[in-house]
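Chain residues, written in single-letter form:
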Amino acid sequence: MAVFPWHSRNRNYKAEFASCRLEAVPLEFGDYHPLKPITVTESKTKKVSRKGSTSSTSSSSSNSMVDPLSSVLDGTDPLSMFAASADPAALAAAMDSSRKKRDKDENSIVGSDFEPWANKRGEILARYTTTEKLSINLFMGSEKGRAGTATSAMSEKVRTRLEELDDFEEGSQKELLNLTQQDYVNRIEELNQSLKDAWASDQKVKALKIVIQCSKLLSDTSVIQFYPSKFVLITDILDTFGKLVYERIFSMCVDSRSVLPDHFSPENTNDTAKETCLNWFFKIASIRELIPRFYVEASILKCNKFLSKTGISECLPRLTRMIRGIGDPLVSVYARAYLCRVGMEVAPHLKESLNKNFFDFLLTFKQIHGDTVQNQLVIQGVDLPSYLPLYSPAMDWIFQCISYHAPEALLTEMMERCKKLGNNALLLNSVMSAFRAEFIATRSMDFIGMIKECDESGFPKHLLFRSLGLNLALADPPESDRLQILNEAWKVITKLKNPQDYVNCAEVWVEYTCKHFTKREVNTVLADVIKHMTPDRAFEESYPQLQLIIKKVIAHFHDFSVLFSVEKFLPFLDMFQKESVRVEVCKCIMEAFIKHQQEPTKDPVILNALLHVCKTMHDSVNALTLEDEKRMLAYLINGFIKMVSFGRDFEQQLSFYVESRSMFCNLEPVLVQLIHSVNRLAMETRKVMKGNHSRKTAAFVRACVAYCFITIPSLAGIFTRLNLYLHSGQVALANQCLSQADAFFKAAISLVPEVPKMINIDGKMRPSESFLMEFLCNFFSTLLIVPDHPEHGVLFLVRELLNVIQDYTWEDNSDEKIRIYTCVLHLLAAMSQETFLYHIDKVDSNDSLYGGDSKFLAENNKLCETVMAQILEHLKTLARDEALKRQSLLGLSFFNSILAHGDLRNNKLNQLSVNLWHLAQRHGCADTRTMVKTLEYIKKRSKQPDMNHLTELALRLPLQTRT
């Protein structure tokens, strides 16, 4: 192909804009509105038969369609029931769905405000641990008679299984000694799994043996500190057993035609299910020892529903009375806790048995301080203050169950009964832990009086004040009592010598102080905490509690000018000397600031404090810091920077940005934010001054520009630098800083050769050419309005950029270079216009400087011809079989560029366009649909004024057909 000269067509941008506007068409809306609900009209034709039948058509309108498959019958739609009759798996699924819905309905009386046992389980296991050796009994019983023959009579089966239980209880067990706590837990988990495996293999007697054996462990208090955790582990097994038995009996009530309704009664239960249920209760009744018999029967309490409507209500009082036979008060109270737990799950409305358990416990409370218990504690080397907290999980649960939705009169009676007992600190603590916070708060002074009267030898008073403080954080006491409550509590707290005891209480009461008092009282409390925690660096052992104190303070002080005016707040922060903890505290402060600070600030107190906080976060960054952590820290620091504003004191604002740059130089996102902020500051200055370009204003803008020019090279991301150079150059140009704008654009051009072939994007290496293409296209759009420097010749920036593009090493099979050249051609065509498409206010672009000068246009056309030669040369290199598709696409793209920007009245350029059209179709690689639409567009444009020459061109552009 020969080199063709370039001639840009003259553009009338205003006329083109006008021709592209959409034609306004009046629209009659009537009743139509896009957000109005659609009314669906159904037409139904009903045909009875072919012979002599009549058809009836009914029409109905409704705003909502009813899905016929959404209807259910007893929890299951008819189609599912039909499938279930043939598919046992489907039947089981339907039964499971029905059971879940039923269980949910049955327990609906217990709302979300009732804390479930599952929430307490983890805390108990973590708190009650031991280093002493433990023991466990594993059964080694035979499995004779495990599965009776089909011809055996039912009575024979029962007798055989009872003999198996006797065999088990008469010594078929093995004791494992000297187990660590973790070994013990592992053994219990193995038993739980063995229970499930035995049940799955239809070894029901073996499963029962496991449960009995595990229940017996609850009578062992040889390692008394571990008993609460043991209770949790063993009752997990009991819960599993109870669920398996219930589901087994429930499955017997299902046949191929129906399942039990959601609220079934014993009348809905078949004889097989009832007989099996009775069989289980008979087996359990034959257990000789009280504790396993009680626990196993309690675990299947729910199964009474299959036998009678009053079964549960009759069993609960009997089981409550059974507990009276347990002599050890610790074992007894946990048995009551389990019964209350099961009772709340299966019959939460039966409050009488719950209340009876509580009052029975009060009658035996004095046993805790009796000789038997005291002797046991001496043998185990456990003191009373360590022993009494073992009761807390069970007592707290019992009190929680009883007080749930209980009337005020009952709660008052319970409180008075506890008050009358001696050594009642343990009871008082459970009352404050379980009763409603509102009930406690309104009687705060009464509770303080009871706390004062307690004997501190067994249960420390500071724990009671801590429990009271937890309630007052949730509910407000009478306003007249608030100061007295704080004074009474703090008198006790401040006298504590043990730093851990002190900080555990102070952490709770800080929230009460922040909630009801001013910064003066908060400052006093913080000063007291510093006083107690500084000696011997006690704060190093209490970082979690100190963190909670900080979080509670900043949660209640949303005005940061008030927060930082609290004298002891910053000294309190100084106690966090472990770097990781200090950074976490600083992050909490910054998160609160970003969340609650509504207006920009210039308060020096806030700025100095938060600069210190942000500096602490920034200085924690090192080579090992994860990228996610860096992003989080940068986000928090940027949030602070955005909220700092000195109004029209632009110099002070810039000084703040300069100081921030020196403090946060290791976080690139912060530097990027600062550059954007300075650029906005420069534009805001220009806007406020409204064209009043005094020397001072110009000097300030140049200072902003210099800030950006100095900062950008310190960034690591190459495309971040390129885009910031471009953006800052645009800002400089908008502020008539032409030499500074040239400097930015030159820096960007010089940086292009450094762009690597692959860049890291979100942890993945990707080709950079598409990103470079995007940047250069934006750059070209800016270069249109950049005036030439008088000392550097015509289009010097464009020439420099073209040289860089020419020398850049592109991928072997890449066409990005040619696409970029095509964009350059568009730029040069726009530069040849008498008036450019857009301008910057008070900046004379080349259309004003040259005024259509012929020498300028000649230089422009030479550059165009050079670029065209590069494009055509590349098209020649694509004349290979594997590159023909690329050649077709690029050829058509170049054709469209000439059509849009070239003057096709020039014969040579016209001929070039025809050649490119043929090239695009030469090897059958062109998209016929695209070619047709392009030709239609040319014909349409030929009808416009001064476009007649396109008619002839259209005749020379044939469409090739594929055969």
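What counts as what
Residues numbered from 1 in each chain as written. Predicted model: local features only at pLDDT ≥ 70, side-chain atom pairs only at ≥ 80, totals over all residues. Heavy atoms only, no water. Pairing = 2+ DSSP bridges. Helix = DSSP H or I, 4+ residues; strand = E, 2+ residues; numbered from the N terminus. Core = buried A, V, L, I, M, F, W, Y, C linked by side-chain atoms within 4.5 Å. Buried < 20%, exposed > 50% of the residue type's maximum accessible area, 1.4 Å probe, protein only. Contact = heavy atoms within 4.5 Å. Salt bridge = Lys/Arg side-chain N within 4 Å of Asp/Glu carboxyl O. Phe/Tyr/Trp six-rings, centres within 6.5 Å; stacked < 30°, edge-to-face > 60°. Lys NZ or Arg CZ within 6 Å of the ring centre and 35° of its normal. pLDDT = per-residue confidence, 0-100. Expected span 1.5 Å × (residues − 1). Axes fitted to C-alpha atoms, helices over the stretch in contact; angles between N-to-C directions. Parallel < 35°, antiparallel > 145°, perpendicular 65-115°, else oblique. Left-handed = near helix turned anticlockwise from the far one by under 90°. Nonpolar A, V, L, I, M, F, W, Y, C, P; charged D, E, K, R; others polar.

## Let's talk about the pairing of strand S6 (residues 764-767)
Here's step 1: Note that strand S5 (residues 758-761) and S6 share 4 bridges and pair antiparallel. What sits directly across from asparagine 760, in S6, is methionine 765.
Here's step 2: Between S5 and S6, which pair antiparallel in sequence order, lie 2 residues; one of them, aspartate 762, sits at a positive phi of approximately 55 degrees.

## Focus: the nonpolar core
Here's step 1: In terms of nonpolar packing, the biggest core is built from 307 residues, with Tyr387, Trp509, Leu546 and Phe640 touching the most fellow members.
Here's step 2: Each residue touching tyrosine 387, except ones within four places of it in the same chain, is listed here: Ile224, Pro329, Leu330, Ile368, Val373, Leu377 and Val382.

## Observations concerning the side chain of serine 913
Here's step 1: Tracing the chain through its elements places serine 913 in helix H42 (residues 907-921).
Here's step 2: Given a relative accessible area of 1%, serine 913 falls into the buried group.
Here's step 3: Those residues in contact with serine 913 that sit more than four places away from it in its chain are Phe895, Ile898, Leu904 and Leu953.

## Some details on the pattern of salt bridges
Here's step 1: All told, the structure shown has 34 salt bridges when counted by the stated rule.
Here's step 2: Put simply, glutamate 511 and lysine 552 hold a salt bridge, and the shortest N to O gap is 3.8 Å. Residue glutamate 511 is found in helix H23 (residues 499-516), and its partner lysine 552 is found in helix H25 (residues 543-556); the two are separated by 41 residues along the sequence.
Here's step 3: Here the residues in one salt-bridge network are Arg324, Arg336, Lys356 and Asp360, joined through shared partners.

## Topic: the packing of aromatic side chains
Here's step 1: Enumeration according to the criterion identifies 43 aromatic pairs in this entry.
Here's step 2: Ring plane angle 70 degrees and centroid distance 5.5 Å describe the contact between phenylalanine 114 and tryptophan 397, whose orientation is recorded as edge-to-face. Of this pair, phenylalanine 114 sits in the loop between helix H3 (88-106) and helix H4 (117-127) while tryptophan 397 sits in helix H16 (residues 392-403), and the two are 283 residues apart along the sequence. For the pair shown, phenylalanine 114 and tryptophan 397 are each scored as buried.
Here's step 3: Pairing phenylalanine 719 with phenylalanine 771 gives two aromatic rings, centres 6.0 Å apart and planes at 50 degrees, and the pair type is tilted. You can see phenylalanine 719 sitting in helix H34 (residues 718-734) and its partner phenylalanine 771 sitting in helix H36 (residues 769-783), a full 52 residues away along the chain.
Here's step 4: If you follow lysine 204 out to its NZ or CZ, it ends over the ring of tryptophan 199, 4.9 Å from the centre.

## Remarks on the confidence of the model for the protein chain
Here's step 1: Confidence in the prediction of the protein chain, expressed as mean pLDDT, is 84, and 84% of residues score 70 or more.
Here's step 2: Below pLDDT 50 for its whole length, residues 101-108 participates in 13 contacts with residues either more than four positions away or in separate chains.

## As for helix H21 (residues 461-474)
Here's step 1: For H21, with 14 residues, the first-to-last C-alpha span of 21 Å sits near the 20 Å given by 1.5 Å per residue.
Here's step 2: For H21, a buried count of 10 out of 14 residues is recorded, marking the element as mostly surrounded by other parts of the structure.
Here's step 3: Three or more residues of H21 are buried, namely Lys461, His462, Leu464, Phe465, Ser467, Leu468, Gly469, Asn471, Leu472 and Ala473.
Here's step 4: The inward-facing, buried residues of H21 contact helix H18 (425-434), helix H19 (437-442), helix H20 (444-453), helix H22 (482-493) and H23.

## Describing the packing of helix H28 (residues 579-596) against helix H29 (residues 604-619)
Here's step 1: At a closest axis distance of 9 Å, the pairing of H28 and H29 adopts a crossing angle of 135 degrees. Between H28 and H29, the angle is such that the two are oblique. Between H28 and H29 lies a crossing of left-handed hand. Along its contact with H28, which presents Glu579, Arg582, Val583, Cys586, Lys587, Ile589, Met590 and Phe593, the element H29 presents Ile606, Leu610, Val613, Cys614, Thr616, Met617 and Asp619.
Here's step 2: Along the lines of polarity and charge, the residues of the contact of H28 with H29 split into 10 nonpolar, 1 polar and 4 charged.

## Some details on the environment of valine 672
Here's step 1: With respect to the helices and strands, the residue valine 672 is situated in helix H32 (residues 668-689).
Here's step 2: The class of valine 672 is buried, set by a relative accessible area of 17%.
Here's step 3: Along the sequence, valine 672 and threonine 711 sit 39 residues apart, while their C-alpha atoms lie 8.8 Å from each other.
Here's step 4: Excluding anything up to four places from it in sequence, valine 672 contacts Leu715, Thr720 and Leu724.

## Topic: the environment of glycine 311
Here's step 1: Among the structural elements, glycine 311 can be located in helix H11 (residues 311-322).
Here's step 2: With 10 residues separating them along the chain, glycine 311 and leucine 301 place their C-alpha atoms 8.7 Å apart.

## Digging into the packing of helix H38 (residues 816-831) against helix H41 (residues 884-901)
Here's step 1: Following both chains from N to C, one finds H38 and H41 inclined at 5 degrees, their axes separated by 10 Å at the closest point. As the angle between them shows, H38 and H41 are arranged roughly parallel. In this structure, H38 contributes Ile818, Arg819, Thr822, Leu825, His826 and Ala829 to the contact, and H41 contributes Leu890, Phe894, Ser897 and His901.
Here's step 2: Its residues placed into classes, the contact of H38 with H41 shows 5 nonpolar, 4 polar and 1 charged.

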